[in-house]
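# Notes for the structure review
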Amino acid sequence: MPEVKRQLSMVLDLNKCIGCQTCTIACKRLWTRDEGMDYMWWNTVNTMPGRGTPRDWEQLGGGFQEGQPRPGKLPRRRDFGDAWNFNYDEVFYGGKGDRVHLKVVGEEPDWGPNWDEDQGAGEYPNAYYFYLPRICNHCTNPACVEACPRTAIVKREEDGIVLIDEDRCRGYRFCMEACPYKKIYFNHAQKVAQKCIFCFPRVEQGVAPACARMCPGRVRFVGYRDDENGPIHKLVDKWKVALPLHPDFGTDPNVFYVPPLAPPRFDENGDIDESKPRIPNEYLVSLFGPPVLGVLETLKSEMAKTREGGKSEVLDILIAYQWKSMFGGFDRDPGSLTWNKT
Amino acid sequence: MEARYVPRFEIEDALDPGATLFDGVRATDVDLIGTPVGLQPTAAIRVSWTGREIGATDRVRVAAVHDGQTLAFRLEWLDDSENQALLDTTAFPDAAAILFPSVAGAPSVTMGAPGLAVTAWYWRADEPGRGRHVVAEGLGTSRTLDVELVRGRGVWKEGRWQIVIARALRVATDEPVAQLTAGETTGFGVAVWDGQHGERAGIKAFSGDWRELRLAAAPAVMGR
């Protein structure tokens with residue numbers, strides 16, 4: 001397991017995510033516009049329950065089980081959702097805009113990022129869903145680092161960010177098989193694996209990752225795990241309201257989630273039924289492990305406390321009254337930086 | 001086996017696998033074996049390849065010629081499928097390589113060792129016309145030095161790859177690459193990767209310990 005001095009982490013409050021994909025686009029515009037990156041979305045937001053991006057990624061294996069690597073499968077390009085081409089010319093410039101609809105040119109796609117948007121699960125009036133934004137988890141026990149035969153993937157000692165060295169990478173894709181979150185992409189043009197870099201060039205200048213800074217919902221907290229005055233330590237370690245996704249995958253992620261509360265159910269008479277949760281507990285446990293139930297209780301009791309007029313430190317943090325307080329000191333305005341392109 | 005001396009040829013001509021250059025040159029069948037799963041450098045690879053066939057290619061026919069300047073190998077092997085384009089994440093290219101010890105005593109099975117480099121002339125189906133000039137000093141350490149000095153070209157037809165890989169006997173570099181001399185003997189090895197079977201990196205068929213290659217002496221220059 002790679003040793004690190006400090007660990008940068010992210011906490012995402014799923015109760016605030018509105019699925020707007022601003023994070024996704026912020027990342028796309030910044031990092032994945034080069035050749036071969038057209039189908040890449042280092043940041044994705046999917047409706048849960050759902051099959052996800054890439055399709056059925058939770059069933060593709062990888063990670064560790066009882067300390068041993070668990071075999072994983074390579075997702076296919078169409079499982080990520082290919083970069084589709086549209087008939088822009090025909091619709092916008094061909095003089096047929098009043099007759100021809102915008103559509104995909106070529107093979108009709110059957111999957112894509114967030115393909116099953118807002119489908120969720122459950123039956124009316126008790127249907128439910130929530131949004132799950134995902135990036136590379138910059139794991140403490142990264143399966144990708146272990147899998148690479150060329151030591152082309154490193155976990156940085158100074159901040160725990162996991163990076164692929166594209167000069168060493170030979171495009172073998174053992175990392176893609178090994179990553180249980182299926183957050184590594186293969187660049188077919190450049191023949192290397194690529195993934196979320198936690199915006200390290202920004203972070204090194206004191207600027208939060210683009211997905212976090214651009215989030216209109218104030219969903220994402222950033223900072224060092226050991227910064228006791230920062231939001232990560234308070235949410236993960238002090239209040240214990242943020243949990244890693246699929247701890248059963250054995251990689252010890254450094255991205256954490258505040259699990260979603262849901263409105264109460266309706267009974268057959270249309271009356272509010274508080275006895276059972278709208279989102280089944282088993283489902284949340286399958287994602288975040290058994291501690292998720294305790295987290296929901298903490299959140300509910302803190303909410304009850306404030307309703308009685310009390311103060312709640314954890315809710316104040318989650319509400320994020322002060323936007324900059326979310327970034328653990330990484331709150332420099334990127335507009336104030338001068339970039340030197342080398 | 002012997003790399004036969006032939007009068008001066010152009011590397012471009014040698015790269016045509018059907019070239020007459022190899023006519024009458026005695027080819028040698030080299031048996032290949034899969035690399036041992038226990039030698040794969042990471043646990044993830046070992047776990048995922050345990051119980052799976054490694055080394056789908058069991059034999060390669062090798063012929064070699066040189067003209068005192070350039071050494072060219074022709075490799076031929078059976079392969080049901082041509083794997084060239086990397087259009088999908090699950091697609092891997094067919095590939096082959098010739099391996100030499102850069103220095104005496106370099107081990108072949110572990111791709112060299114620290115201070116004991118090996119040199120590979122690596123061709124792959126998705127990079128037509130060129131080869132990769134590679135040195136390694138142990139598993140997982142290979143470095144591509146350049147993509148100019150080694151040339152390669154292949155043709156897949158009716159279930160058979162026929163490829164040529166060539167390089168100058170001697171190259172100007174400070175890197176620990178194999179420098180070859182006509183009239184001398186060197187060790188060599190062959191590896192083949194079958195893309196259809198997901199073979200890449202150390203997952204390949206190879207010829208095991210060094211085999212012997214005699215570079216025929218160039219005829220003595222006649223006196224004036």
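The structure we're discussing is the one just above.
For the structure given in this document, a descriptive report is provided here. (Residues numbered from 1 in each chain as written. Chains lettered and ligands numbered in written order. Predicted model: local features only at pLDDT ≥ 70, side-chain atom pairs only at ≥ 80, totals over all residues. Heavy atoms only, no water.)

## Section: the overall build of chain B
For chain B, the helix and strand inventory stands at 2 helices and 15 strands. In terms of C-alpha radius of gyration, chain B reaches 17 Å, essentially the compact-globule figure of 17 Å for 224 residues. Considered along the principal axes of its C-alpha atoms, chain B spans approximately 65 × 40 × 30 Å. Here chain B, with 224 residues, has 54% of them falling under the buried criterion. Of the contacts formed within chain B by residues at least 6 apart in sequence, a portion of 65% connects residues at least 24 apart. Placing the 23 positive and 30 negative side-chain charges of chain B at their respective mean positions leaves the two points 3 Å apart. (Helix = DSSP H or I, 4+ residues; strand = E, 2+ residues; numbered from the N terminus. Rg over C-alpha atoms; globule rule 2.2 N^0.38 Å. Buried < 20%, exposed > 50% of the residue type's maximum accessible area, 1.4 Å probe, protein only. Contact = heavy atoms within 4.5 Å. Lys, Arg positive; Asp, Glu negative; His and termini not counted. Charge placed at Lys NZ, Arg CZ, Asp CG, Glu CD.)

## Considering empty space enclosed by the protein
Residue and element names in this part refer to chain B. On inspection of all chains with the given rule, the structure shows 7 cavities of 30 Å³ or more. Here the largest cavity defines a volume of roughly 560 Å³. Taken together, 37 residues make up the lining of the largest cavity; nearest its centre are Met111, Trp193, Ala201, Gly202 and Lys204. Listing elements by their share of the lining of the largest cavity, those giving two or more residues are strand E6 (95–101), strand E7 (118–124), strand E9 (132–136) and strand E13 (185–193). Counting residues per element, the lining of the largest cavity draws most heavily on E13, at 4 residues. A breakdown of the residues in the lining of the largest cavity according to their chemical character gives 21 nonpolar, 11 polar and 5 charged. (1 Å grid on protein atoms, 1.4 Å probe; cavity = no way out; pocket = protein on both sides within 12 Å on 5 of 7 lines; lining within 4 Å. Points joined across faces, edges and corners; volume = space filled by probe spheres on them. Nonpolar A, V, L, I, M, F, W, Y, C, P; charged D, E, K, R; others polar.)

## A closer look at the side chain of Arg132(B)
Within the secondary structure layout, Arg132(B) lies in strand E9. Judged by its relative accessible area of 10%, Arg132(B) falls in the buried class. Of note is the side chain of Arg132(B), whose polar atom sits 2.5 Å from the side chain of Glu127(B). With near-sequence residues (within four places) excluded, Arg132(B) lies in contact with Arg170(A), Ala120(B), Trp121(B), Tyr122(B), Arg124(B), Glu127(B), Thr144(B), Asp146(B), Val147(B) and Val150(B). (Polar contact = N/O pair within 3.5 Å; in protein donor to acceptor, adjacent residues only side chain to side chain.)

## Focus: the interface of chain B and chain A
Counting from both sides, the interface comprises 27 residues of chain B and, opposite them, 25 residues of chain A. Together, the buried faces of chain B and chain A total about 2,200 Å²; carbon and sulfur atoms form 52% of this surface. Inspection of the chain B/chain A interface yields 4 salt bridges. The residue Asp126(B) makes a salt bridge to Lys191(A) at a minimum N-O spacing of 2.8 Å. Applying the counting rule to chain B against chain A returns 19 residue pairs in polar contact (both at pLDDT 80 or more). (Buried area = accessible area lost by both parts, 1.4 Å probe. Salt bridge = Lys/Arg side-chain N within 4 Å of Asp/Glu carboxyl O.)

## Points about a nonpolar patch on the surface
Residue and element names in this part refer to chain A. On the surface, a cluster of nonpolar side chains totalling about 500 Å² of accessible area is made up of Tyr88, Phe92, Tyr93 and Leu102. Its place among the elements puts leucine 102 in the loop between helix H3 (88–93) and strand E6 (104–105). Given a relative accessible area of 44%, leucine 102 falls into the partly exposed group. (Patch = residues over 30% accessible without salt bridge, like charges linked within 9 Å, V, L, I, M, F, W, Y side chains within 5 Å. Areas by Shrake-Rupley, 256 points an atom, 1.4 Å probe, with all protein chains shown as cover.)

## Quick word on the pattern of salt bridges
All told, the structure shown has 35 salt bridges over all chains when counted by the stated rule. The closest approach of N and O atoms between Asp159(A) and Arg156(A), which form a salt bridge, is 2.7 Å. Neither residue differs from the other here; Asp159(A) and Arg156(A) are each classed as buried. Between Arg151(B) and Glu12(B) there is a salt bridge, with its nearest N and O atoms 2.8 Å apart. Linking Arg151(B) in strand E11 (residues 151–157) with Glu12(B) in helix H1 (residues 11–14), this pair joins segments that are 139 residues apart in sequence. Overall, the relative accessible area of 22% leaves Arg151(B) in the partly exposed class. Ionic contacts of the salt-bridge type, sharing partners, join the residues Lys191(A), Arg124(B), Asp126(B), Glu127(B), Arg130(B) and Arg132(B) into one network.

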